[in-house]
Amino acid sequence: MSQTARADDAGPIASDVVPGIGTVLSAVTMVAMLVPVRSGVDDPTVLTGAGFALAAVLAFLAQRHGGLEGRIAGPIAAVSSVAVVMLAGYALNQGVTAPATLPTSSVSVPIVFVAFVTGGLTAAAGVADYHGISGQGLVRRSLQVVVLSGVGIAGLLVTPLVYAILSLPVSALLEPVSEVEDTVFTQFCMAIGTTLVVGGYLALTDRDLSFIDLRRPTLRDIGWTVGGLVVLFGALFVISVVMQSAGVESADHSTTQRAQENPQLMLVLVPFAVLIIGPFEELLYRNVIQKSLYDSFSRAGAVAVASVIFAAVHVLAYATAGLGAVIASLGTIFGLAIVLGTIYERTDNLLVPALIHGVYNALLFANLYFTYG
């Protein structure tokens, strides 16, 4: 926990508010996991998830009634809730959704997905409980996560906005625009848009360019770069093997679909991966979002939260598949983001994760070219 984050963590409400919120969230999670059972679904994954959710409920209740300390109840609830998230995600991937129609509406909500979300929030409450964070501290952290999630979403949405504005004069000069030209133009729009978002955030938070951790790499940084690239591909391999062994289906990234239609685009994207995609995504999600989270979270916590944000903003890239497949792909993105976030946290040099990310993407693009070319 950062020193600046401890100021509002103390106080009598620290032992009551967070466990109370955790109790409610874990109870909702348990009910959501039991809905498929009431609907006649006899799936051990769902039943096991409900059992873990019950364990979280009991841990929080035991603390509230004096049976357990927060440093014991919190980890029990957090670990149990992480298990619920994984089991709910697996159930969704296997097609167990338990859809329910909202009252006075035709909108159908997959109840198991509700358990997936509330389980994640319960895990966060368990971690907060372990650290003795007060209700005020929890609110402050939650608000910061919401704001920085908005920054991440802005980084996602600004590219098409810049594209729409700049394409008006450019399209007149390049009409008709080929798919290769459009791809190149989009990459430059991403660089411009991300720069605008980062610059706007620094201005609004009274920060200057010294906030950007960019410096000449040392031998240690070079070692982290080489090792990090190996670890990143190793993590991808392990995650892929585990998912395949469990029968988990993942979604294809929109880039894969483009590669199938026009493999030549992958050769165009290879240099842009190193020059634009890696550097600018790392600038926004690691240097800006993750580093800002250091103000309120431990460094490990900041890595985890920033990785959740990074994975969440990729949802549109996989949106053509079903919910369960999308969740599986975002889980992979989350795991890779943990690696990149940890490397940035250890080096405090943006250049290291930017280069790893860029080379990683470039190799994936090259592989797509050879696969479909």
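Cut-off values and rules
Residues numbered from 1 in each chain as written. Predicted model: local features only at pLDDT ≥ 70, side-chain atom pairs only at ≥ 80, totals over all residues. Heavy atoms only, no water. Core = buried A, V, L, I, M, F, W, Y, C linked by side-chain atoms within 4.5 Å. Buried < 20%, exposed > 50% of the residue type's maximum accessible area, 1.4 Å probe, protein only. Helix = DSSP H or I, 4+ residues; strand = E, 2+ residues; numbered from the N terminus. Contact = heavy atoms within 4.5 Å. UniProt positions renumbered as here; feature names shortened; annotations may be inferred. Expected span 1.5 Å × (residues − 1). Polar contact = N/O pair within 3.5 Å; in protein donor to acceptor, adjacent residues only side chain to side chain.

By the naming in an unreviewed UniProt entry, the protein is CPBP family intramembrane metalloprotease, taken from Natrinema altunense.

Asks: What is the right way to look at the nonpolar core in this model?
Replies: Nonpolar side chains in soluble globular proteins generally cluster together in the buried interior. One finds Met266, Ile289 and Leu293 to be the most contacted residues of the largest nonpolar core, which totals 53 residues. For this core, the secondary-structure elements that each account for two or more residues are α5 (135-174), α6 (179-204), α9 (264-293), α10 (299-312), α11 (323-347) and α12 (351-372). Here this core gets 15 residues from one element, more than from any other, and that element is α9. The contacts of Met266, once residues within four sequence positions are left out, are Thr255, Ala259, Phe365, Leu368 and Tyr369. Counting 16 residues, the second-largest nonpolar core is a separate cluster that includes Val84, Leu92, Ala98 and Ile327.

Asks: Would you mind going over the UniProt feature "domain: CAAX prenyl protease 2/Lysostaphin resistance protein A-like" (unreviewed entry) in the protein with me for this structure?
Replies: Using the residue numbers shown here, the UniProt feature "domain: CAAX prenyl protease 2/Lysostaphin resistance protein A-like" (unreviewed entry) corresponds to residues 265-363. Secondary structure content for residues 265-363 is 82% helix and 0% strand, while the C-alpha to C-alpha distance between its ends is 14 Å.

Asks: So what exactly am I meant to see when it comes to helix α2 (residues 44-64) here?
Replies: Residues lying three or four places apart along an α-helix face the same way, a consequence of the helix completing one turn every 3.6 residues. Taking 1.5 Å per residue, 21 residues should reach 30 Å; α2 reaches 30 Å between its end C-alpha atoms and fits that length. Restricting attention to buried positions, one finds in α2 the residues Thr45, Val46, Gly49, Ala50, Ala53, Ala56, Val57, Ala59, Phe60 and Gln63. At its buried positions, α2 is contacted by α1 (17-38), α3 (70-93) and α4 (111-130). N-capping of α2 is provided by Asp43, with a side-chain oxygen placed 2.8 Å from the backbone N of Thr45. Backbone geometry just downstream of α2 places Gly66 in the positive-phi region, at approximately 85°.

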